[in-house]
Amino acid sequence: MISTLRCGKYQLDLTAPVVMGVLNVTPDSFSDGGQFNRVDKALAHARQMLMDGAKIVDVGGESTRPGAAAVSLQEEMDRVCPVVEALVAEHNALVSVDTSSPKLMAEAVRLGAGIVNDVRAFQREGAIEAVAGSDAALCMMHMQGQPVFMQQAPLYENVIEEVGAFFEMRIRAMWQAGIPSSRLILDPGFGFGKSLGHNLTILRQLADFLKFNVPVLAGLSRKSMLGLILDKPVEERLIGSVSAALLAAQNGAKILRVHDVAETMDALKVWQAVLDR
Ligand code: 8Y7
């Protein structure tokens, strides 16, 4: 079993599951007035998540929610880079950058980001080349279709087999570029071209993906699958989100991508205490 993951200049201990805190720097999240204000607010939020126990801060400047509008590369870079730079410089934080843009990947790694989190699994032209020469860890997420239409009619014959086959294909593509499994993270991509049934099957059988000997990341926080189960809007999905994160941990996920860091940490500590007994 993998116990530590090299993430650029950082070593991430994965003997127990860790929390990755979500830091959105999209205009819908920090819209009010000006670049400085936006960076400042993002940093304050990141600081809080780190104090609450997040081991990773995942910085994203392009909304990948279903139906979200595309953002220009320049705009994405302008939003993300100052935040990455400040988090590394001021907090020596392990920063993950959520992007599919090769140019931003290369720049983020140069600025000290330790993880590149790509919901398109480095399939864009130039993406693998952008990260191959670094020692950043690389999160490869499965998505069926593209964000705008992916939730319209997700279809699988066997979702576990198909996501697994995708992982195998992407791992091989990385190997061909000289990137070993020891730099990789796999993520089934909850909600990315998946029905509620598909998402539940994946959560139940998450341990199937451990056969690749690569840490598994799960992002369930506040997602619409929880909205469907609970019949609740996004602001009322905290307990559902924490419950889902705990189930993912129980089923082998080593990195939990969440908005509510403190609450998720409490749940993980209870689980860990029972395990350690
Ligand atoms: C995920 C993600 C989002 C996820 C990984 C949201 C950027 C949608 N979800 N990255 N990003 N896994 N690796 O609801 O599940 O947070 S955005």
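Computed from a prediction, not measured in an experiment: that's the story for all the values here.

Basis of the calculations
- Residues numbered from 1 in each chain as written.
- Predicted model: local features only at pLDDT ≥ 70, side-chain atom pairs only at ≥ 80, totals over all residues.
- Heavy atoms only, no water.
- Near = heavy atom within 4 Å.
- Polar contact = N/O pair within 3.5 Å; in protein donor to acceptor, adjacent residues only side chain to side chain.
- Areas by Shrake-Rupley, 256 points an atom, 1.4 Å probe, with all protein chains shown as cover.
- Helix = DSSP H or I, 4+ residues; strand = E, 2+ residues; numbered from the N terminus.
- Nonpolar A, V, L, I, M, F, W, Y, C, P; charged D, E, K, R; others polar.
- Buried < 20%, exposed > 50% of the residue type's maximum accessible area, 1.4 Å probe, protein only.
- Expected span 1.5 Å × (residues − 1).
- Arc of directions from axis to C-beta.
- Contact = heavy atoms within 4.5 Å.
- Phe/Tyr/Trp six-rings, centres within 6.5 Å; stacked < 30°, edge-to-face > 60°.
- Axes fitted to C-alpha atoms, helices over the stretch in contact; angles between N-to-C directions.
- Parallel < 35°, antiparallel > 145°, perpendicular 65-115°, else oblique.
- 1 Å grid on protein atoms, 1.4 Å probe; cavity = no way out; pocket = protein on both sides within 12 Å on 5 of 7 lines; lining within 4 Å.
- Points joined across faces, edges and corners; volume = space filled by probe spheres on them.
- Pairing = 2+ DSSP bridges.

Chemist: Help me understand the site of the ligand in this model?
Modeler: If you check the shell around the ligand, you find T64, D98, N117, V119, C139, M141, D187, F192, L217, G219, K223 and R257 and nothing else. A distance of 2.7 Å is found between a nitrogen atom of the ligand and a side-chain nitrogen or oxygen belonging to N117. The fraction of the free accessible surface of the ligand (400 Å²) that becomes covered by protein chains is 90%. Elements that contribute at least two residues to the shell around the ligand include exactly β7 (137-141) and β9 (217-219). Among the residues forming the shell around the ligand, the class breakdown is 5 nonpolar, 3 polar and 4 charged.

Chemist: Could you clarify how one ought to interpret the environment of V97 in this entry?
Modeler: If you trace the backbone, V97 turns up in strand β5 (residues 95-98). By relative accessible area, which is 0% here, V97 ends up buried. Counting along the chain gives 38 residues from V97 to V59, while the straight-line C-alpha distance between them is 4.9 Å.

Chemist: How do you make sense of helix α1 (residues 35-51) when you look at a structure like this?
Modeler: It helps to recall that an α-helix has 3.6 residues per turn; residues three or four apart then point in one direction. Its 17 residues give α1 an end-to-end C-alpha distance of 24 Å, which sits within 8% of 24 Å, the value for a rise of 1.5 Å per residue. What α1 keeps buried is the set R38, V39, A42, L43, A46 and M49. With its buried residues spanning 130° around the axis, α1 presents them on a single face. In α1, those exposed residues whose orientation departs by more than 90 degrees from the buried face are F36 and M51. Residues of α1 that are buried make contact with β3 (18-24), β4 (56-60), α2 (73-91) and α9 (261-276). Looking at the residues trailing α1, positive phi occurs at G53, about 115°.

Chemist: Can you help me understand the packing of aromatic side chains in this one?
Modeler: Two numbers describe a pair of aromatic rings. These are the distance of the centres and the angle of the planes. Counting across every chain of the model gives 3 aromatic pairs. Each ring, one from F166 and one from F167, has its centre 6.4 Å from the other, and the planes form 55°; the classification is tilted. With relative accessibility at 1%, the residue F167 sits in the buried group. Relative to F212, the ring of F167 has its centre 6.0 Å away and its plane inclined at 90°; by these criteria the two rings are edge-to-face.

Chemist: For this particular structure, what's the right way to read the packing of helix α5 (residues 159-176) against helix α6 (residues 196-204)?
Modeler: When two helices pack together, their arrangement is given by the angle between the helix axes and by the axis-to-axis distance. Running from N to C, α5 and α6 cross one another at 70°; their axes reach a closest spacing of 9 Å. Compared by their axis directions, α5 and α6 come out roughly perpendicular. Contacts between α5 and α6 involve V159, I160 and V163 from the first element and H198, T201 and I202 from the second. A per-class count over the contact of α5 with α6 returns 4 nonpolar, 2 polar and no charged.

Chemist: Would you mind showing me how to read α9 here?
Modeler: Taking 1.5 Å of rise per residue, the 16 residues of α9 would be expected to cover 22 Å, and the 22 Å separating its terminal C-alpha atoms lies within 8% of that figure. Listed in full, the buried residues belonging to α9 are V261, T264, M265, A267, L268 and W271. An end-on view of α9 places all buried positions within 165° of arc, on one side of the element. Seen from the open side of α9, the exposed residues pointing more than 90 degrees away from its buried face are K269, V270 and V274. On its buried face, α9 is in contact with β3, α1, α8 (238-250) and β10 (255-258).

Chemist: What is the right way to read the layout of surface pockets from this model?
Modeler: Here the idea is plain: a probe the size of a water molecule rolls over the atoms and shows the empty space left. Here the second largest pocket is characterised by a volume of approximately 260 Å³. Along its surface, the second largest pocket is lined by 17 residues, and D13, A16, P17, V18 and K55 are the ones closest to its centre. It is α9 that provides the largest number of residues to the lining of the second largest pocket, a total of 5 residues. Here the residues of the lining of the second largest pocket are counted per class, giving 10 nonpolar, 4 polar and 3 charged.

Chemist: Where do I start with the sheet that holds β4 in this structure?
Modeler: Through backbone hydrogen bonds, the strands of a sheet pair up, either in parallel or in antiparallel fashion. Within the open sheet, the 8 strands sit side by side as β8-β7-β6-β5-β4-β3-β10-β9. Their pairing is parallel. Of all strands in the sheet, those bounded by a partner on one side alone are β8 (184-187) and β9. Pairwise comparison of adjacent strand axes, ignoring direction, gives a mean angle of 25° for this sheet. Its contacts with the sheet put α5 on β7 and β8, and the angle it makes with β7 is roughly 145°. The strands touched by α9 within the sheet are β3 and β10, with β3 carrying the most contacts at an inclination of about 170°.

Chemist: Explanation requested: unusual backbone geometry in the structure shown.
Modeler: For residues that are not glycine, phi is negative in most cases, and the peptide bond is trans in most cases. Phi at N213 takes a positive value of approximately 60°, unusual for a residue other than glycine. Note that N213 resides in the loop between α6 and β9. Within the chain, D231 stands out as a residue other than glycine whose phi angle is a positive 55°. As for its placement among the helices and strands, D231 is situated in the loop between α7 (224-230) and α8. Overall, D231 belongs to the exposed group, its relative accessible area being 70%.

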